[in-house]
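Residue strings, one per chain:
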Amino acid sequence: MGTYIVLLGLPGAGKGTQAALLKERLGLPHVTSGGLFREIAEQQSELADKVRAIMAAGDLVPDTITIEIVKERISRDDAQHGVILDGFPRTVPQAEALDALLGETFDASVTLAPFIKLSEAEALERLGGRWVCTQNPNHMYHMKFNPPKADHICDIDGAPLYQREDDTPEAHKHRLDVYMEKTAPLIDYYRDKGLLVEIDGEQSIEAVQETVIAAIESAAQS
Ligand code: ADP
Ligand code: AMP
């Protein structure tokens, strides 16, 4: 059976950062619902207009749309050995849809749900300093914790960095509230299934990565 990892944690916890590293380490696709929506938002369509407005406000895209889009991505051949999910599921109906999808498509189930824990204050500081490469969204920086070598330029490909449109103080506050209401119940959802593992998210990026890898290896052996 494949390895299906669901990364949980507040906005800013480091899910995207860890998923990009896990992708290299485990050789599995990184499936990011936020990334899929950012691609859609760049298009010219009614759906794009709707997604852009929802994202800018820090609200959640409706479950039906989200499930359809992630389903299309996970149904591709490269997901048959597993995926690293970042930002999905974010609601209980999404988690139930994921269980059904993995069962029907791959005769598989979620392997582990690492919950990257940190305080709200730390999450806000992380979000406030986040800068992303315009060429590759996996090249992520933080102006205080992980600054680029040259001013606002990506170390890897030399492209300019930008701040996400939803990285504003108003959207951050709202995203944390939405998380508490809609996403926090997933902690118990996965705990009840024996799949939750708590990770101290206030460690360095490298230390978080080693802790997550150790948890995945231990789950694979049991
Ligand atoms: P999420 O995907 O959970 O919203 P990100 O991976 O985008 O979070 O990380 C948010 C910001 O915090 C980014 O600027 C990233 O560089 C930084 N960051 C991620 N993990 C850590 C860490 N362990 N320590 C310090 N900064 C971090
Ligand atoms: P992220 O990149 O994970 O921070 O997501 C950015 C934005 O995309 C969120 O604030 C939501 O508006 C939208 N989004 C991402 N994933 C989901 C999801 N699973 N369900 C609903 N909306 C989502």
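Structure: above.
Just so it is clear, the model here is predicted, and its values are computed rather than measured. (Residues numbered from 1 in each chain as written. Chains lettered and ligands numbered in written order. Predicted model: local features only at pLDDT ≥ 70, side-chain atom pairs only at ≥ 80, totals over all residues. Heavy atoms only, no water.)

Colleague: Can you tell me about the overall build of the protein, naming the residues and giving the values?
Modeller: Broken down by element type, the protein carries nine helices and eight strands. Expressed as lengths along the three principal axes of its C-alpha atoms, the size of the protein is roughly 45 × 40 × 35 Å. The proportion of buried residues among the 222 residues of the protein is 47%. Expressed as a percentage of contacts within the protein between residues at least 6 apart in sequence, the contacts between residues at least 24 apart total 71%. Counting every atom, the protein has about 11,000 Å² of accessible surface; 51% of that belongs to carbon and sulfur. Of the side chains in the protein, 21 bear a positive and 36 a negative charge, and the two mean positions are spaced by 1 Å. (Helix = DSSP H or I, 4+ residues; strand = E, 2+ residues; numbered from the N terminus. Buried < 20%, exposed > 50% of the residue type's maximum accessible area, 1.4 Å probe, protein only. Contact = heavy atoms within 4.5 Å. Areas by Shrake-Rupley, 256 points an atom, 1.4 Å probe, with all protein chains shown as cover. Lys, Arg positive; Asp, Glu negative; His and termini not counted. Charge placed at Lys NZ, Arg CZ, Asp CG, Glu CD.)

Colleague: Can you break down the site of ligand 2 residue by residue, with the values?
Modeller: By nearness alone, 16 residues border ligand 2, and Ser33, Asp59, Gly87, Gln94 and Arg164 come closest of all. Residue Gln94 places a side-chain N or O atom 2.9 Å away from a nitrogen atom belonging to ligand 2. Isolated, ligand 2 exposes 470 Å² of accessible area, and the fraction of that covered by the protein chains is 96%. It is helix α2 (residues 33-41) that contributes the most residues to the shell around ligand 2, four residues altogether. (Near = heavy atom within 4 Å. Polar contact = N/O pair within 3.5 Å; in protein donor to acceptor, adjacent residues only side chain to side chain.)

Colleague: Quick rundown of the nonpolar core? Include the residues and the values.
Modeller: Formed by 32 residues in total, the largest nonpolar core has its most connected members in Val6, Leu8, Ile74, Leu85, Leu98 and Tyr190. Of all the secondary structure elements, the ones that give two or more residues to this core are β1 (3-7), α4 (63-74), β3 (82-86), α5 (92-106), β4 (113-117), α7 (169-183) and α8 (185-192). A total of five residues in this core trace back to one element, the largest contributor, which is α5. Grouped together as the second largest cluster of nonpolar side chains are 13 residues, Leu28, Ile84, Ile213 and Ala215 included. (Core = buried A, V, L, I, M, F, W, Y, C linked by side-chain atoms within 4.5 Å.)

Colleague: Report on the layout of surface pockets, specifying residues and quantitative values.
Modeller: Volume-wise, the second largest pocket comes out at about 230 Å³. Together, Arg38, Ala41, Glu42, Arg52, Met55, Ala56, Tyr162, Arg164, Glu165 and Asp166 line the second largest pocket. Those elements that place two or more of their residues in the lining of the second largest pocket are α2 and α3 (46-57). Ranked by residues supplied to the lining of the second largest pocket, first place goes to α3 with three residues. In terms of residue class, the lining of the second largest pocket is built from four nonpolar, no polar and six charged. (1 Å grid on protein atoms, 1.4 Å probe; cavity = no way out; pocket = protein on both sides within 12 Å on 5 of 7 lines; lining within 4 Å. Points joined across faces, edges and corners; volume = space filled by probe spheres on them. Nonpolar A, V, L, I, M, F, W, Y, C, P; charged D, E, K, R; others polar.)

Colleague: Help me get a handle on α2, residues and values and all.
Modeller: One turn of an α-helix holds 3.6 residues; hence residues three or four places apart share an orientation. The complete set of buried residues in α2 reads Ser33, Gly34, Leu36, Phe37, Ile40 and Ala41. Seen end-on, α2 carries its buried residues on one side only, within an arc spanning 160°. As for α2, its buried residues are in contact with β2 (30-32), α3, α4 and β3. (Arc of directions from axis to C-beta.)

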